[in-house]
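# Residue-level structural notes
As a plain string of letters, each chain reads:
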Amino acid sequence: MASIEEKVKQIIVDKLGVDESEVTRDASFQNDLGADSLDTVELIMEFEKEFDISIPDEQAENIQTVGQAITYLESSVDK
Amino acid sequence: MNRVVITGIGALTAIGNSVPEYLEGLRSGRSGAGPITHFDAENFKTRFACEVKDWDPTTRIDKREARRQDRYTLMALFSADEALQMAGLLGEDGNTISAVDPDRAGCIWASGIGGLRSLEEQIEIYEGGDGTPRYNPFMIPRMIANMGAGHISMRYNLRGPSYATVSACASGGHALAAAADDIRLGRADVMVTGGSEAVISKVAIGGFNSMKALSTRNDDPATASRPYDADRDGFVLGEGAGAIVLESLEHAKARGATIIAEIGGYAASSDAYHISAPHPEGAGAKMAMINALKDAGLQAEDVDYINTHGTSTPIGDTAELKAIKLAFGEAVYGANISSTKSMTGHLLGAAAAIEAVACILAIQHNFVPPTINHFSKDPDIDEKLQLTFNEAVERRVDVAISNTFGFGGHNSATIFKRYSE
């Protein structure tokens, strides 16, 4: 089964249409991967759907990079 | 007033995904109809439509944009790109307009309905979920009917006027007229206009079926759109886009552009009668044609080709022919008349756009596209009218008029003519 990290990266590749090689842990959605604020909302909603969780808005605001998304999801998703 | 010329065209239809393919489809009298593949139509009264086939938007549009947008705005961008390329107005990067001041270039783009499929999909996701609203943040920008104009303006950096016209199946005609006005009045040098529609979906097929507007000839989709035939039973829904680059004559000449044709004139009118039925005597339609001729400074006998609204509905087709006879008098018998919807289906808000392209091609290549699928005479239709049945006719076409009429009683008529000094 794919790890959380792999799943997160795949969602980002699909939604932002970027190359897998660009999706590093340090990459910022808006500064490095060309996302706008609507793309970021869409990504959060895709994470919620994929991992069947609900991410509160105040937490979502802190998820700005690939690494932050992986860390947040690893700590909130039941393994 | 400035003269308005055409320097580029684009087409994306069920009978061809580019202008050359569309031209070939119109000449050969090809039907674009087939079983619906966009959704499972098994339980619907109509299970066929004129879908655009084998189309890859990413040949002209960035992959990422292609993912974010509704089909109708992708179709808008795709056909606008073909038209701007033909006009020689694209910069080296292919994404920015060149050879015109961007503040003097705009886009008025039609859609009758907008991104209905995106709306439909999101409502289904919500209704099928646990009640938590998880509407996609792109749903609204995908759905709203002005986004064809918005995306074209953004992609090519057109900073003059940009907006949408919405008048159901006449939307494209009103867009063209508004865009041409901007050039006539000197507000812009270049205007991209046209329309796109992509609503072959459950809601649209179901809704039009309930109005009894669509053909239900499921056993033979290719012959279902049969304007003026005695056994016509409704329109066939189509999808696609048509684009026209309008330019002031002065601007086109100054940059040495190839002029394809000229806008003669146009007019709009209203039936003021019923939400969906045409005025039985064609009162509104007649005035649109008469006033368009007046605007163009032309006589009825100057018109070589009449591209009708001709949707293949029992009432609409005969009402329009009545109106044409009233507007043209005896001169009507000298013109060829045809409904290209027999091939492309009815593209609603984009109908006038692809039919404008058909008229321009008729002038450019001197032929009249046919009204295909004629099998039996309707006794209520004047036999002396040259309805160009089944096969294209080769003839010199200097002047063509295109009619479009929308639910709500909105009428528009546009005249295209051969350009000469």
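Residues numbered from 1 in each chain as written. Chains lettered and ligands numbered in written order. Predicted model: local features only at pLDDT ≥ 70, side-chain atom pairs only at ≥ 80, totals over all residues. Heavy atoms only, no water.

What counts, and what does not: UniProt positions are given in the numbering used here, feature names are shortened, and annotations may be inferred rather than shown by experiment.
Going by an unreviewed UniProt entry, chain B carries the name 3-oxoacyl-[acyl-carrier-protein] synthase 2 and comes from Neolewinella xylanilytica. Its UniProt record, at the heading Sequence similarities (unreviewed entry), says of chain B: "Belongs to the thiolase-like superfamily. Beta-ketoacyl-ACP synthases family." The Pathway (unreviewed entry) comment attached to chain B in UniProt states, word for word, "Lipid metabolism; fatty acid biosynthesis."

As annotated in an unreviewed UniProt entry, chain A carries the name Acyl carrier protein and is attributed to Neolewinella xylanilytica. Quoted verbatim from the Pathway (unreviewed entry) field of the UniProt record, the comment on chain A reads "Lipid metabolism; fatty acid biosynthesis." If you open the UniProt record of chain A and go to Subcellular location (unreviewed entry), you find "Cytoplasm".

### A closer look at helix α8 (residues 202-210) of chain B
Residue and element names in this part refer to chain B. For the record, the criterion: Only protein chains enter the accessibility calculation, which uses a 1.4 Å probe; a residue whose area is less than 20% of its type maximum is buried, one above 50% is exposed, and one in between is partly exposed. The way it works is that DSSP assigns letters per residue, a run of H or I at least four long becomes a helix, a run of E at least two long becomes a strand, and they are numbered from the N terminus. Note: the arc covers the axis-to-C-beta directions of the helix.
When α8 is considered as a whole, its buried residues turn out to be A204, I205, F208 and N209. Seen along its axis, α8 keeps its buried residues to an arc of 125°; they face one direction. K212 lies just past α8 and shows a positive phi near 60°.

### Digging into the UniProt feature "modified residue: O-(pantetheine 4'-phosphoryl)serine" (unreviewed entry) in chain A
Residues and elements named next belong to chain A. Look at the UniProt record and you will see "modified residue: O-(pantetheine 4'-phosphoryl)serine" (unreviewed entry) annotated at S37. Examined against the element boundaries, S37 turns out to sit in helix α2 (residues 37-51). Note on S37: relative accessible area 47%, which makes it partly exposed.

### What about the side chain of D317 of chain B?
All names here are of chain B. In plain terms, the rule: By the criterion applied in these results, polar contacts are pairs of N or O atoms within 3.5 Å in which, for protein atoms, one can donate a hydrogen and the other can accept it, and in which residues neighboring in sequence qualify only through two side-chain atoms. Should any heavy atoms of two residues lie within 4.5 Å, those residues are counted as being in contact.
By the element assignment, D317 lies in helix α11 (residues 314-328). There is a polar contact of 3.2 Å between the side chain of D317 and the backbone nitrogen of T311. When near neighbours in sequence (up to four residues on either side) are disregarded, D317 contacts P227, Y228, R232, G310, T311 and S312.

### Concerning the confidence of the model for chain B
Inclusion rule: Confidence of the predictor at the level of single residues is given by pLDDT, which spans 0 to 100.
Of the residues in chain B, 100% reach a pLDDT of 70 or more, and the chain-wide mean stands at 97. Confidence estimates for the predicted assembly give a pTM of 0.96 and an ipTM of 0.87.

### Thoughts on unusual backbone geometry
Residues and elements named next belong to chain B. Even without being a glycine, N157 presents a positive backbone phi close to 60°. The topology assignment puts N157 in the loop between α6 (147-156) and β5 (162-165). Taking the relative accessible area as the measure of exposure, N157 reaches 27% and is therefore partly exposed.

### With respect to the interface of chain A and chain B
Note on interface size: it is often stated as the accessible area lost on association of the parts. Test applied: What counts as buried area is the accessible surface, traced by a 1.4 Å probe, that two parts surrender upon association, with contributions from both included. Here, a salt bridge means any Lys or Arg side-chain nitrogen found within 4 Å of an Asp or Glu carboxyl oxygen.
Every contact between the two is made by 14 residues of chain A and, on the other side, ten residues of chain B. Among the residues of chain A in contact with chain B, L38, E42 and M45 of chain A are the three that bury the most area, contributing 43% of the side total. Where D39 of chain A meets R68 of chain B, a salt bridge forms, and the shortest distance between an N and an O atom there is 2.6 Å. If you look at where chain A meets chain B, you find seven residue pairs in polar contact (both at pLDDT 80 or more). Listed by contribution, the elements that provide at least two residues to the side of chain A that touches chain B are α1 (4-16) and α2 of chain A. When residues in the side of chain A that touches chain B are grouped by element, the largest group, six residues, is from α2 of chain A.

### Observations concerning the packing of α1 of chain A against helix α4 (residues 66-76) of chain A
Residue and element names in this part refer to chain A. Where we set the bar: Convention adopted: a line fitted to C-alpha atoms gives each axis, helices being fitted over their contacting stretch, and angles between N-to-C directions are expressed from 0 to 180 degrees. The cut-offs work like this: below 35 degrees is roughly parallel, past 145 is roughly antiparallel, 65 to 115 is roughly perpendicular, and the gaps in between are oblique. It is the rotation of the near helix from the far one that decides the hand of a crossing: anticlockwise by less than a right angle makes it left-handed, clockwise makes it right-handed.
Their axes nearest at 10 Å, the elements α1 and α4 cross at an angle of 135°. It follows that α1 is oblique to α4 by the angle criterion. When you trace α1 past α4, the crossing you get is right-handed. Judged by residue contacts, I4, E5, V8, K9 and I12 of α1 engage V66, A69, I70, L73 and E74 from α4.

### Points about the UniProt feature "domain: Carrier" (unreviewed entry) in chain A
Annotation from UniProt places "domain: Carrier" (unreviewed entry) at residues 2-77 of chain A. For residues 2-77 of chain A, the helix share is 57%, the strand share is 0%, and the end-to-end C-alpha distance is 14 Å.

### With respect to the pattern of salt bridges
By the definition in use, this model includes 33 salt bridges over all chains. D39 of chain A serves as the salt-bridge partner of R64 of chain B, at 2.8 Å between the closest nitrogen and oxygen. Residue R64 of chain B is found in helix α2 (residues 63-68), and its partner D39 of chain A is found in helix α2; the two belong to separate chains. Measuring nitrogen to oxygen at the nearest pair gives 3.1 Å for the salt bridge that ties R396 of chain B to D398 of chain B.

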